[in-house]
Amino acid sequence: MNIFKKFFVVVVALLALQSTFAQEVEEKKHSTFSNIFYGCTFFSPKDVIQAYSGAWSGTQVMTVQGREIATALVDQNYISSSSNGTRLVGSGKITGMGTSIPTRSFMYIENDILCLDIRTQDGINVPYIGIFSDNKIDWVPRHFFMTYDIQTDAFFNTIEGMKISSKAMKYVEIKKSGFEGYIQIDCTFRKSEVVYKKEKVNTSKNAKFVFPNAKMGE
């Protein structure tokens, strides 16, 4: 699949994700009071950073064409690293199939643009740009050649506290197995009181899920 075809497919996928969230919000009927407080509304990149700040925990489900291929538990902490609240350092872990995989990221504002750098297991920084609207953030790769890797996070206030509903789509090619296509990743996170300490994670760099040679580090 050439890069232009990938780009077209991802644009369609991103619109589909946005449509799904819009339908979910439209289907929910609330009183005037709950309509005001149900979701978060972001007016600036700093609002987004403040919303992510803190400890989160939840579950992750990976599917291919509607077929579930893996599930995992996810813990993620975002800690402010600046006095003005415009930078967050993220650390966490993905636990599944008997292994724990560390995650590291850096969220910041650059020239009034919301940015996110995710560090892979191979030590490579993958940069993303955040596009926010209402209570949602679309994370898209900064570089054109990676536009087939997208994620949409939606923030909600619930009785149990703040919640993030995340939908991601990642294009992968695994030559050994002959697989070429999209993996969908759905996550639900809630604010957690537990602070995850990255030095206590039992990591396995070669941890694999269902797909041969697939890595869960990005």
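Please refer to the structure higher up on the page.
In what follows, the accompanying structure is described. Here the structure is a predicted model, which means the values were calculated and not measured.

### Observations concerning the pattern of salt bridges
Throughout the structure, instances matching the rule amount to 4 salt bridges. Linking Glu 110 and Arg 142 is a salt bridge whose minimum nitrogen-to-oxygen distance equals 3.7 Å. Note that Glu 110 is positioned in strand S4 (residues 99-110) and Arg 142 in the loop between strand S7 (136-141) and strand S8 (149-158), a separation of 32 residues in sequence. The partly exposed category is assigned to Arg 142, whose relative accessible area is 32%. The shortest N-O distance in the salt bridge between Lys 167 and Asp 186 comes to 3.9 Å. You can see Lys 167 sitting in strand S9 (residues 161-174) and its partner Asp 186 sitting in strand S10 (residues 179-192), a full 19 residues away along the chain.

### A few points about the side chain of Asp 153
Inspection of the secondary structure puts Asp 153 in strand S8. In this structure, Asp 153 is buried with no salt-bridge partner, the nearest side chain bearing the opposite charge being Lys 167 at 10 Å. Polar side-chain contacts of Asp 153 include one of 2.6 Å to the side chain of Tyr 52. Ignoring sequence-local partners within four residues, the contact set of Asp 153 consists of Tyr 52, Asn 135, Lys 136, Ile 137, Trp 139, Ile 164, Ser 165 and Ser 166.

### Quick look at the environment of Val 89
Residue position: Val 89 is located in strand S3 (residues 87-96). Note: C-alpha distance between Val 89 and Tyr 108 (19 residues apart in sequence) is 8.8 Å. With residues near it in sequence (within four places) discarded, Val 89 still touches Asn 77, Tyr 78, Ile 79, Ser 81, Ser 105 and Phe 106.

Analysis parameters
Residues numbered from 1 in each chain as written. Predicted model: local features only at pLDDT ≥ 70, side-chain atom pairs only at ≥ 80, totals over all residues. Heavy atoms only, no water. Salt bridge = Lys/Arg side-chain N within 4 Å of Asp/Glu carboxyl O. Helix = DSSP H or I, 4+ residues; strand = E, 2+ residues; numbered from the N terminus. Buried < 20%, exposed > 50% of the residue type's maximum accessible area, 1.4 Å probe, protein only. Lys, Arg positive; Asp, Glu negative; His and termini not counted. Polar contact = N/O pair within 3.5 Å; in protein donor to acceptor, adjacent residues only side chain to side chain. Contact = heavy atoms within 4.5 Å.

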